[in-house]
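Residue strings, one per chain:
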Amino acid sequence: MKRISGKTWIGALTVVFAVTGCGGNMDYNEKAKTIGVKVNMKTVQTAAENYFKDHTYMYPTAIDDDFKSYFPGGDSVAKKAGTAPLNPFTGTGEWPILGTLANVEEARKATPDALVKGVIEYSPIDGGKNYGIRGGSETSKAITAEDASHMGTLVLSRDDFNKPAGAEK
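Keep in mind the model is a prediction, meaning the values are calculated, not measured. (Residues numbered from 1 in each chain as written. Predicted model: local features only at pLDDT ≥ 70, side-chain atom pairs only at ≥ 80, totals over all residues. Heavy atoms only, no water.)

**Remarks on the overall build of the protein chain**
Here's step 1: A tally of helices and strands in the protein chain yields four helices and three strands.
Here's step 2: For the protein chain, the proportion of its 169 residues judged to be buried stands at 44%.
Here's step 3: Look at the contacts in the protein chain between residues 6 or more apart in sequence, and 53% of them connect residues 24 or more apart.
Here's step 4: As displayed, the protein chain has an accessible area near 8,900 Å², and 57% of this comes from carbon and sulfur atoms. (Helix = DSSP H or I, 4+ residues; strand = E, 2+ residues; numbered from the N terminus. Buried < 20%, exposed > 50% of the residue type's maximum accessible area, 1.4 Å probe, protein only. Contact = heavy atoms within 4.5 Å. Areas by Shrake-Rupley, 256 points an atom, 1.4 Å probe, with all protein chains shown as cover.)

Below, the structure written as structure tokens:
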């Protein structure tokens with residue numbers, strides 16, 4: 001299966017929105033946008049993992065130019081910021097916001113709480129030894145996990161890197 005970049009996914013979703021039109025099923029369009037948020041979550045996760053390799057095996061603890069240089073189009077050597085992920089609900093590039101998650105497993109078990117549509121929240125955990133990433137869904141709450149055994153919150157972290165967004169252990 002060919003890997004598709006975040007920008008390509010957003011472009012594909014734009015085509016879906018154009019074909020279905022504003023007069024179509026708005027619930028379907030909103031759910032499709034949430035899929036775009038999951039792609040953005042994976043983009044942030046990839047940036048964090050690439051940062052980790054270059055920083056003595058520590059994850060970023062701030063949303064600064066150093067971390068932003070690991071996003072698509074960035075240059076980590078020159079500390080040139082890449083491109084912010086495109087929020088599918090607003091149509092604008094938005095950097096992740098700094099979150100406050102302290103425990104990935106507890107966050108995954110929690111009922112999704114308020115999170116603005118399309119926003120990506122990156123939480124450094126234990127001083128940069130781990131991280132948690134959540135995204136805002138069409139309901140203005142964190143995206144729900146798709147694990148059949150529970151309906152907690154989708155939280156990406158180092159333990160699920162290289163798995164598709166939404167896939168549980």
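So, next bit.
**Comments concerning the nonpolar core**
Generally speaking, a soluble globular protein has its nonpolar side chains buried in company with each other.
Here's step 1: Grouped together as the largest cluster of nonpolar side chains are 19 residues, with contacts concentrated most on Met41, Val44, Phe67, Tyr122 and Ile133.
Here's step 2: Mapped by element, the contributors of at least two residues to this core are α2 (26-54), β2 (120-125) and β3 (130-135).
Here's step 3: No other element matches α2, which puts seven residues into this core.
Here's step 4: In contact with Val44, other than residues within four places in its own chain, are Phe67, Phe71, Pro85, Pro96, Ile120, Tyr122 and Ile133. (Core = buried A, V, L, I, M, F, W, Y, C linked by side-chain atoms within 4.5 Å.)

**Let's talk about the side chain of Thr153**
Here's step 1: Mapped onto the elements, Thr153 comes out in the segment after β3.
Here's step 2: Classification of Thr153 as buried rests on a relative accessible area of 2%.
Here's step 3: In contact with Thr153, other than residues within four places in its own chain, are Ala107, Arg108, Ala110, Thr111, Pro112, Arg134, Ala142, Ile143 and Ala145.

**Comments concerning the pattern of salt bridges**
Here's step 1: According to the stated counting rule, one finds ten salt bridges in the structure shown.
Here's step 2: Its salt-bridge partner being Lys38, residue Glu146 comes within 2.0 Å of it at the nearest N-O pair. With Glu146 in the segment after β3 and Lys38 in helix α2, the pair connects residues that are 108 residues apart, well separated along the chain.
Here's step 3: Among the ionic pairs, Glu121 bridges to Arg134, the shortest N-O distance being 2.7 Å. Here Glu121, found in strand β2, pairs with Arg134, found in strand β3; they are 13 residues apart in sequence, far enough to count as distant. (Salt bridge = Lys/Arg side-chain N within 4 Å of Asp/Glu carboxyl O.)

**Focus: the sheet that holds β3**
Here's step 1: Here three strands make up an open sheet; going across it, the order is β1-β2-β3 and the pairing mixed. Each end of this open sheet is capped by a strand with a single partner; those strands are β1 (97-98) and β3. (Pairing = 2+ DSSP bridges.)

**A look at the environment of Thr92**
Here's step 1: Locating Thr92 in the fold gives a position in the loop between α3 (65-68) and β1.
Here's step 2: Once residues lying within four places of it in the same chain are set aside, the contact partners of Thr92 are Pro85, Leu86 and Asn87.
Here's step 3: Here the side chain of Thr92 touches Glu94 through a polar contact of 3.3 Å, side chain to side chain. (Polar contact = N/O pair within 3.5 Å; in protein donor to acceptor, adjacent residues only side chain to side chain.)

**Here's the deal with the packing of aromatic side chains**
Here's step 1: Taken as a whole and assessed by the stated rule, the structure comprises nine aromatic pairs.
Here's step 2: Centre to centre, the rings of Tyr51 and Tyr70 are 5.5 Å apart; their planes meet at 70°, and the pair counts as edge-to-face. One end of the pair, Tyr51, is in helix α2; the other, Tyr70, is in the loop between α3 and β1, with 19 residues separating them in the sequence.
Here's step 3: Judged by its relative accessible area of 10%, Tyr51 falls in the buried class.
Here's step 4: Ring geometry for Tyr122 against Tyr131: centres 5.9 Å apart, planes inclined by 20°, an arrangement best described as stacked.
Here's step 5: Given a relative accessible area of 0%, Tyr122 falls into the buried group.
Here's step 6: Residue class for Tyr131 comes out buried when judged on its relative accessible area of 0%.
Here's step 7: An aromatic cluster of three or more residues is present, and its members are Tyr51, Phe52, Tyr57, Tyr59, Phe67, Tyr70, Phe71, Trp95, Tyr122 and Tyr131. (Phe/Tyr/Trp six-rings, centres within 6.5 Å; stacked < 30°, edge-to-face > 60°.)

Interpretation note: all reported values are geometric properties and have no functional meaning in isolation.
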